[in-house]
Amino acid sequence: DCVLCAPPFSNFELARLREVLNTLGAAAAPLYLCYNARREGALVDAFAGSGRELVRMAGGPLGYTSVKASTQQHIFLYGPPWPSVGVPS
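Thresholds, definitions, all that
- Counting of residues starts from 1 at the beginning of each chain's written sequence and follows it residue by residue.
- Given that this is a predicted model, residues contribute local features only at a pLDDT of at least 70 and side-chain atom pairs are listed and counted only at 80 or more, while totals for whole chains, interfaces and linings are drawn from all residues.
- Side-chain metrics in this entry use all non-hydrogen atoms of the structure; hydrogen atoms and water are not considered.
- Put simply, buried Ala, Val, Leu, Ile, Met, Phe, Trp, Tyr and Cys residues joined by side-chain atoms within 4.5 Å make one nonpolar core.
- Whether a residue is buried, partly exposed or exposed follows from its accessible area with a 1.4 Å probe, protein chains only, as a fraction of its type maximum: under 20%, in between, or over 50%, in that order.
- Each helix corresponds to a stretch of at least 4 residues labelled H or I by DSSP, and each strand to a stretch of at least 2 residues labelled E; elements are numbered beginning at the N terminus.
- DSSP-based pairing: two strands are paired if at least 2 bridges between them are found.
- Between Lys or Arg on one side and Asp or Glu on the other, a salt bridge is scored when a side-chain nitrogen of the former is within 4 Å of a carboxyl oxygen of the latter.

**Overview of the nonpolar core**
Right, on to step 1. Ranked by size, the top nonpolar core spans 17 residues in total, and within it Leu31, Leu33, Leu43 and Phe47 carry the most contacts.
Right, on to step 2. For this core, the elements supplying multiple residues, two or more each, are strand 1 (3–5), helix 1 (14–23), strand 2 (31–36), helix 2 (40–47) and strand 4 (75–79).

Now the structure itself:
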């Protein structure tokens, strides 16, 4: 099991997202989150101390039809480091 999330970047506070995930009982499931790399520090800080380490996953930016091209180039997938989710190296 895992949680996949693409929050509305500027309309939803990361602290609130962390709270919602905990309320849903999803705190133990690996989290994969699409997020704007220009705000990567805020993302890492929001989940610090929660037991969820989020790192930018390999690969290029993600594409969204509803997001301006100039913003799309900064949207990446974040998730747990691979060894922490049991994927063989």
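**Side note on the pairing of strand 2**
Each regular strand carries side chains that alternate between the two faces of the sheet.
Right, on to step 1. Extensive coverage of strand 2 is indicated by the burial of 6 of its 6 residues.
Right, on to step 2. Residue alternation in strand 2 divides its side chains into two sets, Leu31, Leu33 and Tyr35 and Tyr32, Cys34 and Asn36, and both sets are buried.
Right, on to step 3. Where strand 1 and strand 2 come together, 3 bridges link them in parallel fashion. Looking at the pairing, Val3 lines up with Leu31 of strand 2.
Right, on to step 4. Here 4 bridges tie strand 2 to strand 4, and the two strands are oriented antiparallel to one another. Bridged to Cys34 within strand 4 is Leu77.

**Some details on the pattern of salt bridges**
Right, on to step 1. Counted by the stated rule, this structure contains 2 salt bridges.
Right, on to step 2. With its nearest N and O atoms 2.8 Å apart, the salt bridge here joins Glu19 to Arg16. In this pair, Glu19 and Arg16 are both assigned in helix 1, 3 residues apart and thus about one turn of the helix distant.
Right, on to step 3. For Glu19, a relative accessible area of 43% puts it in the partly exposed group.
Right, on to step 4. Across the pair Arg56 and Glu40 runs a salt bridge whose closest N-O atoms are separated by 2.8 Å.

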